[in-house]
Structure formats: C-alpha cells, structure tokens
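Overview (structure and organization)
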Amino acid sequence: MCTAEDGSSVAAPALDKHAPGPAANPDLIADLVIANRILFRESVVDAFGHVSVRHDKDPKRFLLARNMAPALVTEADVIEFGDDGEPVNAAGRAVYLERFIHSEIYRARPDVMSVVHSHSMAVLPFGLVPSVPFRAVTHMGSFIGVCAPVFEIRETAGDDNDLLISNRALGAALAKRLGDQSVCLMRGHGSTVVGNSVKQAVFRAVYTEQNARVLSEASRIGPVVSLTEAETRTATRTIDGQVPRAWNMWRLRAEGKV
Ligand SMILES: [Zn+2]
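Residues numbered from 1 in each chain as written. Predicted model: local features only at pLDDT ≥ 70, side-chain atom pairs only at ≥ 80, totals over all residues. Heavy atoms only, no water.

Details of a nonpolar patch on the surface
- A cluster of nonpolar side chains, contributed by L128, V129 and V132, occupies part of the molecular surface with about 220 Å² of accessible area.
- Mapped onto the secondary structure, V132 falls in the loop between β4 (114–118) and β5 (150–151).
- Residue classification places V132 among the partly exposed residues on the basis of a relative accessible area of 30%. (Patch = residues over 30% accessible without salt bridge, like charges linked within 9 Å, V, L, I, M, F, W, Y side chains within 5 Å. Areas by Shrake-Rupley, 256 points an atom, 1.4 Å probe, with all protein chains shown as cover. Salt bridge = Lys/Arg side-chain N within 4 Å of Asp/Glu carboxyl O. Helix = DSSP H or I, 4+ residues; strand = E, 2+ residues; numbered from the N terminus. Buried < 20%, exposed > 50% of the residue type's maximum accessible area, 1.4 Å probe, protein only.)

Right, dumping it as structure tokens:
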C-alpha cells in the first residue's frame, strides 16, 4: 500500500571488475566493526542481520563482514564486494546469502553510504498487516516518513520462495520498492534501513525499532496520531545532527564501558 587507436590488432585486456583496488580507510572498517557490535547490543540484530558501508575509495564497492553473527565481527572478518554482490577478497570465507540487499541498493541509490538489514522483532508485525502502515510517530523516527514501503517477495519470486534476498533480481526488486525512502519492511522477514554514513544507518536502524515499539504500544491505547509529512522532514533535519551523540554512547555501551 501507500501509495586503442594505434592501429594495433592486439586486443585490450579484459577489465577484471574483481581485481584488487585501493584499500579502504582503516577507520571506516573500524566503524563497521563497531556498527556490528552496536546493532547487537541495541537489539536490532541477533545471530542474523548485517550492516555494510560503501567503499570510501571505490563507490562501486562495499564492505561487509563474512557470514557470521554480527556481535563477533572483527576487522579481519570484513570482506570487500563488487557491485554485483560478489566478494573481491573472500579467500574462501563464506559470505552472507543476502549480500544482494546491499549491492543492489548501492547500485540504485548513489546517496546511500550504508545499509542495515535486520529481522528486528518490533518492526516485523508491520510488514504483515497491510491495513496498518508503518509510519513515524516519534521525532527520533521521523526519517521513516508517513508510510514506509513493504516489500512483497512473492511479486518477484512467486508463491514458493524462502523469503530471502538471495540473488541480484530480488535485490533489485527490493531496492526498487525502497525507492527514495530510508526504511523498507520485508513481509515475514524483517526490514532494511539506509543512511548517508554507517553512523546514520545504525542510528536509523535503532530508532526504527524504537518507533515500532512505540507505535505498537500506542495502538493498544487508541487511535494513533502520526507525524505529518512536513513534521517528518523538519524533524529529520534536526535529528540528523544528533547522530554522533548516540553513536558515541552506544559504542561505549557495546564495549561494556557504560
Ligand atoms: Zn534477512
């Protein structure tokens, strides 16, 4: 709902899109590791779910951990991927089945620098009830907008599928459903949140979950007043400036220091 010009006959060497490129900034990789820890500590991910960040020196590539529980990710577990969702330097390590969520959103959205995919519990119900749109009801959740899109995998994969985004076509369909929004629910599966940095994407993933809890609680009390479209835009501009404050606190909490 909701709506060779030298005359030579020697062929040019084929471009290898998976050839090694410039190394990503170590600080970016460190932030990605911290993001994994925060998302676990703040109950956005459990043993499943993942977060990626676009490569800072090659926008066609992105960084994502190998196939493992987010809470256990270290710098050594971060792998580089090409824009087809295939790993550049996996060196035999298993990769996430749903890496195409990330690759196809980066292809479709040049403004997106980070993607969080989770199965967070409070958000899941809103992907199951088409008559109840998932929308911003708190200022911290303003980026959600007045109606987050819901991805129905059957429209692409048919009635017999495993609900997972396990190939490029499904990733592209999800990216299309996301459109220019920040959050896309996935029926019977979870949700995907995007941001202009890994810190913003984490911030939004945490507050997507919180907004869902508040909306569910309020709905039990009575009819819910949601943010207007104008409120979602204005509040998002204000709240975006508060991302570092939350990140710094969540980081310390994930490290057991507060
Ligand atoms: Zn998933």
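Details of the pairing of strand β7 (residues 190–195)
- By the criterion of burial, β7 is predominantly enclosed, with six of the six residues buried.
- The two faces of β7 match: G190, T192 and V194 on one face and S191, V193 and G195 on the other face are all buried.
- Where β4 meets β7, five bridges bridge the pair, whose relative direction is antiparallel. Pairing of H117 across the sheet is with T192, part of β7.
- Strand direction decides the pairing type here: strand β6 (residues 183–186) and β7, joined by four bridges, are antiparallel. Bridge pairing in β7 places L185 opposite S191. (Pairing = 2+ DSSP bridges.)

Topic: the layout of surface pockets
- If you add up the space inside the largest pocket, you get close to 290 Å³.
- In terms of lining, the largest pocket is formed by 14 residues, of which the most central are F143, G145, S182, T232 and R233.
- In terms of residue count, the dominant contributor to the lining of the largest pocket is helix α6 (residues 229–239) (four residues).
- Class assignment of the residues belonging to the lining of the largest pocket gives a composition of four nonpolar, six polar and four charged. (1 Å grid on protein atoms, 1.4 Å probe; cavity = no way out; pocket = protein on both sides within 12 Å on 5 of 7 lines; lining within 4 Å. Points joined across faces, edges and corners; volume = space filled by probe spheres on them. Nonpolar A, V, L, I, M, F, W, Y, C, P; charged D, E, K, R; others polar.)

Thoughts on empty space enclosed by the protein
- In this structure, the second largest cavity spans a volume of roughly 30 Å³.
- Along the walls of the second largest cavity sit V44, S118, S120, V123, S191, V193, A205, T208 and E209, which together make up its complete lining.
- Sorting the residues of the lining of the second largest cavity by element identifies β7 and α5 (198–221) as the ones contributing at least two each.
- At three residues, α5 tops the list of elements feeding residues into the lining of the second largest cavity.

Describing helix α1 (residues 26–41)
- Here α1 contains 16 residues, and its C-alpha end-to-end distance of 23 Å stays within 8% of the 22 Å for a straight helix at 1.5 Å per residue.
- Looking at α1, one finds that the buried residues are L28, I29, D31, L32, V33, I34, A35, N36, I38 and L39.
- Close packing links the buried residues of α1 with β1 (50–54), β2 (62–65), β3 (78–81), β4, α5 and α7 (243–254).
- The N-capping residue of α1, defined by a side-chain oxygen 2.8 Å from the backbone nitrogen of D27, is N25.
- Directly after α1, the chain includes S43, whose backbone phi takes a positive value near 65°. (Expected span 1.5 Å × (residues − 1). Contact = heavy atoms within 4.5 Å. Polar contact = N/O pair within 3.5 Å; in protein donor to acceptor, adjacent residues only side chain to side chain.)

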